[in-house]
Structure formats: C-alpha cells, structure tokens
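# Analysis of the macromolecular model
One-letter residues, chain by chain:
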Amino acid sequence: MTEKRGEGAPQAAPEVGKTGRRARIMETALRDAHQSLIATRMSTKDMIPVLEQMDEVGYWALEMWGGATFDSCMRFLNEDPWERLRIIRSRIKNTKLQMLLRGQNLVGYRHYADDAVREFVKRAVGNGIDIIRVFDALNDLRNMEVAADQVKREGAHLQLCISYTLSPVHTLEAFAEMALKMAGMGADSIAIKDMAGLLNPVDCVRLVRAIRARTDLPIQLHSHYTSGLASMTYYAGLEAGADIVDTAISPFSMGTSQPPTESLVAALAGGGLDTGISLDKLVPVEEYFKTLRDKYKDLLPDIGGVDINILRYQIPGGMYSNLVNQLKEQKALDKLEDVMNEIPVVRKAMGYPPLVTPTSQIVGTQATLNVLTGQRWKVIPKEVKQYFLGYYGTAPAPLDPEVQKLAIGDEEPITCRPGEKIPAEMEEARKAADAWALQPEDALTWIMFPQVAKDFLPRKYARLTHRDVGFDDFVEGAAYPV
C-alpha cells in the first residue's frame, strides 16, 4: 500500500468542537461544487495551477475526491481517478484532503462485498486521503460499519454522516440518537448532509443543539444553495455550536452548489467565530476559478437564482431536473405536477427513505411509472423489488405491507446487513483486470465500473506501455489524451 504520510504531510488541524474555537471552512470547489454545477467535468489539468494557492488559504480541508468524480474521470475525461488523487496529494502539503464515500456503495451504484470495501478504503488512505465522509442513503448504520471500521484501522479521520430529510419519522430525537450511535462507531466528527437544501436556520439550530446534547464531537454542516437558505442556515448552525461548514469559492458557488466561501469568511470576520482566513488569500483562488467558470459556461445550469420547487416538493434539485428530462423524453411533461404529488405517496409506502443517490432515483422512477401507467404499482422495476426485499438496507419507517406484497410476492425479505449477502469480489476482479492492470487499484476500478473499465483500462495500458510516460506527461495532459 502506498504510504500516505511522510515529510511535508498535513499537520493536525486546529482543534474544533470546543467553546471559543474558530469556525472552520471546507472548500468544495474540487469535488461537489463542480459536480453540482458542471456535471463533474473539471479536469485534473484544470485543478493543478491553483492547488498550491489553495493550500495556503488555511482551509480545514479540501474536498476533492469521491462522489461522482471517480466515474466521471474515466467516462468523460479519460483520466485515472487514482492518479488524480496522487497528483493533488503531491501538491497539497498543509491542508487535509477529504472524500465522500457512499458506505457499502463506495463510489459506485450498488452494494459491494466487504473485501472490496476494505480494500478501497486502504487504497484511498494510502494514496493520500486524510478524512473520509461516510454516508448511507437510508441512514442504515449497518451499511456504514465495514467502511467505518476500515477507516479507523487505517488511521484516517472518520466522519460519519446523517442524510438530512423531512418526514414524520425523521425527528430531532431520531437524528440525535443516530449521532450518538455514530460516536459509538468511532466517528471523529459528525456531518449533517442536507443534499436538497431543505434545512432552514430555525431547524438547524434545533438539530445542532440536539446532537450537541448527545456528543461533543465536531459537527460539520453540508448544504446546497438551491433553495436560497444555505448561508443563513450555516450562520445559525455555527452560532448554535456547529464547527465546520462546506463552502465553494464564489465562481463555483450558489445555484445547486454550496454557499460562497468568501461571503462566509467575511460574515464571520471579527467575531467569536472568525475563521482566521484572509480574504486576500482567497482572491487569487477566486480569480483562477473565474476563468474556469467561463471555460465551462455552456454546462452551467440556469435555475433563475433560487429554485422554489425545492421548497414546494422537498426533493433534491438533481432529482427534480432528472424527472423533468424523463418526462420530456416521454412527451409527458404535462404530467410533472402529478408526478410531484405522487412522490410523497411512494415515499411513504417505502418507509420514508431520504432522497439521495440511489433512493432518489428509485422513488422518482416508481412515482413516474405510477402516473404514466395510470395505476399505482402496476409496473415495479427491479430496483424497487430489491428495495422491498431489504437489499438496500432497513427503511427508516415500516414498509407498506400491501405494496411490499405486490413488489416481492412470496419472497422472504432479508433482515441481515445487506453486505453479508455479497460474496467476496477482489480475487475475481484481479483476475479479470489482470491483462490491463498497471496498479493494484485497477481491480477496484473494475469492480465498481466494469463497462467503463473495459474501455478505459486497455487505452491507458496501451498508452503507458508503448512509450516512456512519466508523471509530468500526465500533468501536461499527454498521458491520457481524449
């Protein structure tokens, strides 16, 4: 395994979670900001020129890996995501690097075997990740267990994550109890992941205080600006006792991204929550990302400032836009209001799952089918059946027994941790990828994205074995030409 720490590695960040300490900022421009605004199309070559300036700002951490970046690197940019991580790590000497991990889903779209989960965490930390944020779409802590255990074994910072949502069962008490259990799992910090931008300032204060009453672990707030609430929510949450907030440098902020970094830094300056970050150090970072925003302007979404549909329907912006596109393809956009009204019905029958990948797609697809067929549950996709069989985990609330019967018939749902049902995968993947593997991590790439890997790995292998390509070639974009 690649050694992560050595001379010049990031030092321990200032303590948080204690009264009188500064508010901290995690910058999302290298991951979630461009995932939210330009479909994760920012290349490693685009990032390199600004990395050393970002390293001097004084951020708590830089989020730069995980989520959709892994798939997009190969599928759209012809880049190796592992090489991206190593390149960024080589240039970031003072700041911690953070990634987003979907628990047993890793960075893919299904549950993977325990041996694959453990190997992925080992390789992520070994290649340079300091902090791993682990979440599960159902808030089923069992789906976080293996990843969490391996993060602790690797000596990295384990941040366990609450997927925030609204429903009769998602109460302050439920979230606070979840945070307490996360502390018992070895969490070094707790994140509140508001993927839809639904958390308002009043509820944020109540939520932070409820969690703080159960644990003194640092609390980190993550929200999206889509509804227009996020900056106010951050300020209220910090005042209530949160320690860290996720922001994006202004050219890649707001809209479906996070609140602007500079604005939060300015808002807190001079008070008890002063971040200690100088706006002067943010200026060159802002100026560089402004040029990238112009480069990618054709990909930027136009939501008209604030998308009021987020507050009306209480669903993530990405889910709403995907449903609009699906209905357009079916020439049924006139059914949008009906689908929006059907989502709460489907969600209740499915035990009120938080709407985040992959549950947002599962619920949205079923609601659309219910409307387009004119009959509820007439057509039930495979993913919905798997959900009712328990293969995604335990729903937050009891499932509707009649709907479950329609979905699975006489099949018996599983009650164990879903990962226990998946046989070991690493040995077979190593054999499958062996012809093209240039690094141990290629087997993991093969497991998570087999169709993409079958195209990408041979191209990379051919390029790197037919001439002497070095590190600088990759930096200049020569090693992986589109």
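Computed from a prediction, not measured in an experiment: that's the story for all the values here.

Counting residues in hydrophobic clusters, the biggest one holds 102 residues, and the most contacted among them are Tyr59, Trp65, Phe120 and Phe289. At six residues, the largest contribution of residues to this core is made by helix 5 (residues 114-126). Apart from residues lying up to four places away in sequence, phenylalanine 120 is in contact with Trp65, Phe70, Trp82, Met99, Leu101, Leu106, Val107, Leu444 and Met448.

Relative orientation of the contacting elements helix 2 (residues 44-55) and helix 11 (residues 279-295) amounts to 165°, with a least axis distance of 9 Å. Considering the angle they form, helix 2 stands roughly antiparallel to helix 11. The hand of the helix 2/helix 11 crossing is left-handed. Taking contact as the criterion, the partners of Asp46, Pro49, Val50, Gln53 and Met54 in helix 2 are, on helix 11, Pro284, Val285, Tyr288, Phe289, Leu292 and Lys295.

To continue, consider the confidence of the model for the chain. A low pLDDT score tells you not to read the predicted coordinates there in detail. Mean pLDDT over the chain stands at 91; residues scoring 70 or higher make up 92%. Taken together, the stretch residues 1-19 has pLDDT below 50 and engages in 39 contacts with residues farther than four places along the chain or on a different chain. Segment residues 468-482 is flagged for pLDDT under 50; beyond a separation of four residues in sequence, or across chains, it makes 34 contacts in the model.

Counted under the stated rule, the structure contains 15 aromatic pairs. Through a chain of ring-to-ring contacts, three or more aromatic side chains come together here, namely Trp65, Phe70, Trp82, Tyr109, Phe120 and Phe449.

Along the chain, the position of threonine 95 falls in the loop between helix 4 (81-91) and strand 3 (96-101). Within the local environment of threonine 95, its side chain forms a polar contact with the side chain of aspartate 55, the two groups lying 2.7 Å apart.

Burial analysis of strand 5 (residues 157-163) places seven of its seven residues in the buried class, the great majority of the element. Judged by which residues are buried, strand 5 turns out to be covered on both faces: His157, Gln159, Cys161 and Ser163 on one side and Leu158, Leu160 and Ile162 on the other are all buried. Sheet analysis places strand 4 (residues 131-134) next to strand 5, joined by four bridges and oriented parallel. What sits directly across from arginine 133, in strand 5, is glutamine 159. Running through helix 6 (residues 145-153), the crossover from strand 4 to the neighbouring parallel element strand 5 is right-handed. As paired elements, strand 5 and strand 6 (residues 189-194) share five bridges and run parallel to each other.

Definitions and limits used
- Throughout this description, residue numbers start from 1 for each chain and increase along the sequence as written.
- In keeping with the model being predicted, local features are shown solely for residues with a pLDDT of at least 70 and side-chain atom pairs are shown and tallied solely at 80 or more, while totals for entire chains, interfaces and linings include all residues.
- Calculated side-chain values reflect all of the structure's heavy atoms, with hydrogen atoms and water omitted.
- Residue types Ala, Val, Leu, Ile, Met, Phe, Trp, Tyr and Cys, when buried and joined through side-chain atoms within 4.5 Å, form a set referred to as a nonpolar core.
- A 1.4 Å probe rolled over the protein chains alone gives each residue an accessible area, and that area as a share of the maximum for its type sets the label: buried under 20%, exposed over 50%, partly exposed in between.
- Secondary structure is summarised from DSSP: a helix means a run of H or I of at least four residues, a strand means a run of E of at least two, and numbering begins at the N terminus for each.
- Any two residues whose heavy atoms approach within 4.5 Å at even a single point are treated as in contact.
- Axis lines are fitted to C-alpha atoms, over the contacting stretch for helices. Their N-to-C directions set the angle, which ranges from 0 to 180 degrees.
- Every angle not falling under 35 degrees, over 145, or within 65 to 115 is termed oblique; those three ranges are roughly parallel, roughly antiparallel and roughly perpendicular.
- Crossing chirality is assigned from the near helix's rotation relative to the far helix, an anticlockwise turn below a right angle marking it left-handed and a clockwise turn marking it right-handed.
- As a per-residue measure, pLDDT reflects the predictor's confidence and takes values from 0 up to 100.
- Any Phe, Tyr or Trp ring, taking Trp's six-membered ring, that has another such ring centre within 6.5 Å forms a pair; planes under 30 degrees apart are called stacked, those over 60 apart edge-to-face, and the others tilted.
- A 3.5 Å cut-off defines polar contacts: any pair of N or O atoms within that distance qualifies, except that in protein one atom must be a possible hydrogen donor and the other a possible acceptor, and neighbouring residues in sequence count only when both atoms are side-chain atoms.
- DSSP-based pairing: two strands are paired if at least 2 bridges between them are found.
- Place the viewer so that the strands point away; then a crossover is right-handed whenever the path from the first strand over the helix to the second strand goes clockwise.

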